[in-house]
Amino acid sequence: MEDEIARVLEASMSPDEATRVNAEQHLTQGGTMPGFGLALVRCALNRQVPPGTRQLAAVVLKKYVKEHWQEGEGKFFPPQTGDDEKAAIRELLPNGLADPEAKIRTACGMAIATIATWDWPRQWPNLTAQLVGAIRERTSEDSVAGALRCLAMILGDMEETQVEDTVPALLPELCAIVAADAAMYTLHVKRRALAVLHACLLTMGVMSGARQRAVRDLMTPLLRPWLDVFAAALANPPDPTDPGQCGLVLEALRCLSQVVQYFAKSAGDALVAPLGAAARLFHALAPAYHATTIGKESDEYEPARDEEGEELSLESVVSQLLELIMCLVEHPKLRTLLRDGMEDTVHRAIGYMCMTAAQEEAWEDDPNAYVADEDDDMTTVRAACGMLLHQMSGAFGEEGEGADGGADG
């Protein structure tokens with residue numbers, strides 16, 4: 001069946017419409033046949049098959065899982081996959097996370113995450129151990145990257161009962177990756193480790209009140225090494241032309257924002273060091289930001305993006321810094337850290353509010369677009385600065401308004 005499926009998948013990518021439609025019909029019918037899901041897995045893992053076909057096999061597998069894995073759920077369409085076939089798929093599919101092809105690793109990770117929606121942890125209790133083991137064993141950078149990518153996808157579904165087993169085993173391994181020498185791991189892999197940490201923090205941060213105290217107690221010893229890692233990651237401005245550096249700093253800031261929002265008490269005084277590094281970075285980035293974003297024509301500036309389309313630029317780093325500062329303003333205790341440098345922060349925020357070359361070009365040609373964007377677009381650095389100034393004015397009262405006025409003057 002595997003060879004036949006590979007031929008049908010290749011035909012489904014044919015430029016000839018009739019061939020393509022016929023192949024798609026065969027794939028739809030195949031979903032009703034026993035062994036179809038397992039054959040897709042074997043096709044995806046077969047390195048003798050062209051990479052594009054293998055990737056498509058994993059994508060079709062994800063669709064198959066949604067339609068045939070769990071009766072009564074979502075887009076289910078009979079028949080349901082048999083228990084023996086499910087077990088075989090769960091056993092084989094994680095091998096794809098170590099594939100040399102990044103697109104295959106991602107596609108297999110997405111299929112695993114789809115299965116995990118229903119089967120993890122009850123029917124797939126060893127999934128976490130498999131993924132953490134791949135990170136710990138460090139067989140190859142590909143296996144580590146694949147495990148990290150998959151973990152980032154599944155941890156959003158982590159149940160409260162899984163935290164005590166998963167988090168203490170996982171966080172030290174992630175920390176070791178980010179803190180490792182550059183010769184051991186690329187910036188891309190380190191960023192992936194931070195993305196997994198972010199998924200953990202977000203999931204645990206919104207857990208029910210009954211579990212919050214236990215989670216905070218669990219996180220207290222685990223967070224301390226991370227705060228040193230954050231401080232080191234934020235110590236120097238990233239090279240605006242290096243998306244790897246920008247991506248690492250961006251992810252570190254996201255994690256730090258989650259710590260401020262949910263785990264400031266667990267972090268304690270150790271939080272001061274990374275926050276200080278972030279504050280210095282906020283000011284240090286201004287010259288490079290103006291040179292790369294404000295002073296360039298729109299057709300000269302094309303920010304780099306990762307494989308998922310996320311922008312990895314100095315502008316995205318500044319946006320995340322502003323979000324971190326807004327988290328501090330909203331925190332009743334930590335906002336006092338901003339008081340001494342309030343006027344400098346306001347002054348710098350106003351500087352970041354300068355129109356970019358792209359905005360100036362767009363708004364010069366269409367004043368109505370300027371009005372609409374100023375009212376509706378909250379995603380730009382300019383808009384984030386406006387929100388920050390408004391928050392600071394509300395949080396610090398006349399003192400904040402005075403700083404604003406002083407900066408204007």
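Refer to the structure printed above.
Residues numbered from 1 in each chain as written. Predicted model: local features only at pLDDT ≥ 70, side-chain atom pairs only at ≥ 80, totals over all residues. Heavy atoms only, no water.

1. Side note on the overall build of the protein
Looking only at helices and strands, one finds 21 helices and zero strands in the protein. When its C-alpha atoms are laid out on the principal axes, the protein stretches across 75 × 55 × 45 Å. Split into buried and exposed, the 409 residues of the protein put 47% on the buried side. Pairs at least 24 residues apart make up 71% of the contacts formed inside the protein by residues separated by at least 6 positions. If you sum the accessible surface of the protein, you get close to 19200 Å²; carbon and sulfur atoms cover 51% of it. Averaged over its 34 positive side-chain charges, the protein has a centre that lies 8 Å from the centre of its 63 negative ones. (Helix = DSSP H or I, 4+ residues; strand = E, 2+ residues; numbered from the N terminus. Buried < 20%, exposed > 50% of the residue type's maximum accessible area, 1.4 Å probe, protein only. Contact = heavy atoms within 4.5 Å. Areas by Shrake-Rupley, 256 points an atom, 1.4 Å probe, with all protein chains shown as cover. Lys, Arg positive; Asp, Glu negative; His and termini not counted. Charge placed at Lys NZ, Arg CZ, Asp CG, Glu CD.)

2. Quick look at a negative patch on the surface
A cluster of acidic side chains, namely E360, E361, E364, D365 and D366, defines a negative patch on the protein surface. Within the secondary structure layout, E364 lies in helix α18 (residues 357-365). (Patch = residues over 30% accessible without salt bridge, like charges linked within 9 Å, V, L, I, M, F, W, Y side chains within 5 Å. Salt bridge = Lys/Arg side-chain N within 4 Å of Asp/Glu carboxyl O.)

3. Here's the deal with the nonpolar core
One recurring pattern in soluble globular proteins is that nonpolar side chains are buried together. Counting 127 residues, the largest nonpolar core has L174, M204, M219, W226, F230 and L271 as the members making the most contacts within it. Residue contributions to this core peak at 11 residues, all from helix α16 (residues 314-330). Once residues within four sequence positions are removed from consideration, L174 is found in contact with I135, L148, A193, V196, L197 and W226. (Core = buried A, V, L, I, M, F, W, Y, C linked by side-chain atoms within 4.5 Å.)

4. What about the packing of aromatic side chains?
Within this structure, the stated rule accounts for five aromatic pairs. Here the aromatic rings of W226 and F230 are separated by 5.9 Å at their centres, their planes lie at 35°, and the arrangement is tilted. Within this pair, W226 and its partner F230 are both found in helix α11 (residues 209-233), separated by four residues, close to a single helical turn. Of the two residues examined, W226 and F230, each falls in the buried class. One aromatic cluster in this structure is built from F282, Y289 and Y352. (Phe/Tyr/Trp six-rings, centres within 6.5 Å; stacked < 30°, edge-to-face > 60°.)

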